[in-house]
Amino acid sequence: MRIDKYLCELNKGTRKEVKEYIKKGQIRVNGNIVKDPGYKVDENNDTVEFINEILTYNKFVYYMLNKPAGVVSATEDKHDKTVIDLIKPEDMRPGLFPVGRLDKDTVGLLLISNDGELAHNLLSPTKHVDKTYFVKVKGALKQEHVEMFRQGLQLSDFITKPAILEIVSTGEQSSAKVTIKEGKFHQVKRMFAKIGTEVVYLERIQMANLKLDEHLLQGEYRALRNDELSKLLD
Ligand code: URA
């Protein structure tokens with residue numbers, strides 16, 4: 001890969017800026033100053049130094065975000081702040097996108113990446129990846145609802161696959177964990193509406209085998225650890 005492209009992909013500046021750094025002799029490859037922006041670097045084997053910092057090239061990045069309410073799961077939006085706006089300039093990469101969607105008022109686990117294949121594997125309807133939500137609803141939750149979720153609910157456009165409902169508390173306001181296999185528009189809210197309740201709080205706490213890190217405050221994110229990533233890529 002060209003050294004100027006390499007530096008841009010690592011977010012070291014615009015193409016114009018990195019060309020300047022290169023011409024000024026601020027880049028070394030395997031210890032030697034490189035002054036040609038078109039120099040071909042082997043991103044997996046060469047040691048690249050940028051103003052005395054040794055760079056590591058990761059083509060893909062994977063961030064676990066604890067999405068706050070009020071931001072949309074999109075890369076850009078005319079009216080609202082997006083989840084990509086929460087990424088700090090130093091962590092930005094070309095092509096970052098949210099892996100799936102949470103409603104504007106839903107909080108919790110959202111992966112942000114530039115790896116389209118991972119996104120496909122997690123989101124493809126044929127893969128039936130489990131997603132678990134913690135939910136608070138207006139209205140009582142009963143054992144019969146557990147059975148209804150298990151059997152599948154007829155929504156306006158499809159019948160849900162067997163879902164696991166675990167009631168945490170019940171009363172005028174109830175709380176539960178629910179695990180679903182699809183990810184259709186407003187699915188969890190529609191499932192609870194179907195049984196006569198109303199979702200007032202929705203938080204995704206797990207996707208596949210990836211659990212939301214409880215140390216992340218809403219709006220915060222961190223890179224996935226290697227063990228988390230390798231389990232996800234399995
Ligand atoms: N189901 C919903 O209704 N909303 C979400 O944001 C996610 C799942």
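Everything numeric here is computed off the predicted structure, so don't read it as measured data.

Draft legend 1. Structural detail: the overall build of the protein. Along the backbone of the protein there are six helices and 13 strands. Out of the 234 residues in the protein, the part that is buried amounts to 44%. For the protein, long-range pairs separated by at least 24 residues make up 62% of all intrachain contacts whose partners lie at least 6 apart in sequence. Surface summary for the protein: the accessible area is close to 12,900 Å², and the carbon and sulfur share equals 49%. Taking the average place of the 37 positive charges on the side chains of the protein and the average place of its 35 negative ones, the gap between the two points comes to 3 Å.

Draft legend 2. Seen up close, the packing of aromatic side chains. Under the counting rule described, the total for this entry stands at five aromatic pairs. Seen in terms of ring centroids, F134 and Y201 are 6.3 Å apart; in terms of plane orientation they differ by 65°. Their pairing is edge-to-face. Of this pair, F134 sits in strand β8 (residues 131-138) while Y201 sits in strand β11 (residues 198-207); the two residues are 67 residues apart in sequence, bridging distant segments of the chain. Taking NZ or CZ as reference, K184 lies 3.9 Å from the ring centre of F158, over its face.

Draft legend 3. Molecular detail of the side chain of E49. By the element assignment, E49 lies in strand β3 (residues 48-50). Here E49 sits buried without a salt bridge, and the closest side chain of opposite charge, R28, lies 5.2 Å off (N-O distance).

Draft legend 4. Looking closely at the site of the ligand. Taken together, L102, D103, T106, Y133, H186, Q187, V188, K189 and L202 make up the full set of residues near the ligand. One of the backbone nitrogen or oxygen atoms of D103 is found 2.7 Å away from an oxygen atom of the ligand. Backbone polar atom of Q187 to an oxygen atom of the ligand: 3.4 Å apart, as the coordinates give it. More than half of the atoms of the ligand fall within 2 Å of the grid points belonging to the largest pocket. Residue classes in the shell around the ligand are distributed as four nonpolar, three polar and two charged.

Draft legend 5. Representation of the environment of N114. Among the secondary structure elements, N114 is positioned in the loop between β7 (107-113) and α3 (116-123). Separated by 100 residues in sequence, N114 and E214 place their C-alpha atoms 24 Å apart. A polar atom in the side chain of N114 sits 3.1 Å from the backbone oxygen of K59. A distance of 2.9 Å separates the side chain of N114 from the backbone nitrogen of V61, its partner in a polar contact.

Draft legend 6. The arrangement of the sheet that holds strand β4 (residues 53-55) in detail. Strand order in the open sheet formed by four strands is β2-β1-β3-β4, with antiparallel pairing between adjacent strands. A single partner strand is all that each edge strand has here, and the edge strands are β2 (32-33) and β4.

Criteria and cut-off values
Residues numbered from 1 in each chain as written. Predicted model: local features only at pLDDT ≥ 70, side-chain atom pairs only at ≥ 80, totals over all residues. Heavy atoms only, no water. Helix = DSSP H or I, 4+ residues; strand = E, 2+ residues; numbered from the N terminus. Buried < 20%, exposed > 50% of the residue type's maximum accessible area, 1.4 Å probe, protein only. Contact = heavy atoms within 4.5 Å. Areas by Shrake-Rupley, 256 points an atom, 1.4 Å probe, with all protein chains shown as cover. Lys, Arg positive; Asp, Glu negative; His and termini not counted. Charge placed at Lys NZ, Arg CZ, Asp CG, Glu CD. Phe/Tyr/Trp six-rings, centres within 6.5 Å; stacked < 30°, edge-to-face > 60°. Lys NZ or Arg CZ within 6 Å of the ring centre and 35° of its normal. Salt bridge = Lys/Arg side-chain N within 4 Å of Asp/Glu carboxyl O. Near = heavy atom within 4 Å. Polar contact = N/O pair within 3.5 Å; in protein donor to acceptor, adjacent residues only side chain to side chain. 1 Å grid on protein atoms, 1.4 Å probe; cavity = no way out; pocket = protein on both sides within 12 Å on 5 of 7 lines; lining within 4 Å. Sits in = over half its atoms within 2 Å of the grid points. Nonpolar A, V, L, I, M, F, W, Y, C, P; charged D, E, K, R; others polar. Pairing = 2+ DSSP bridges.

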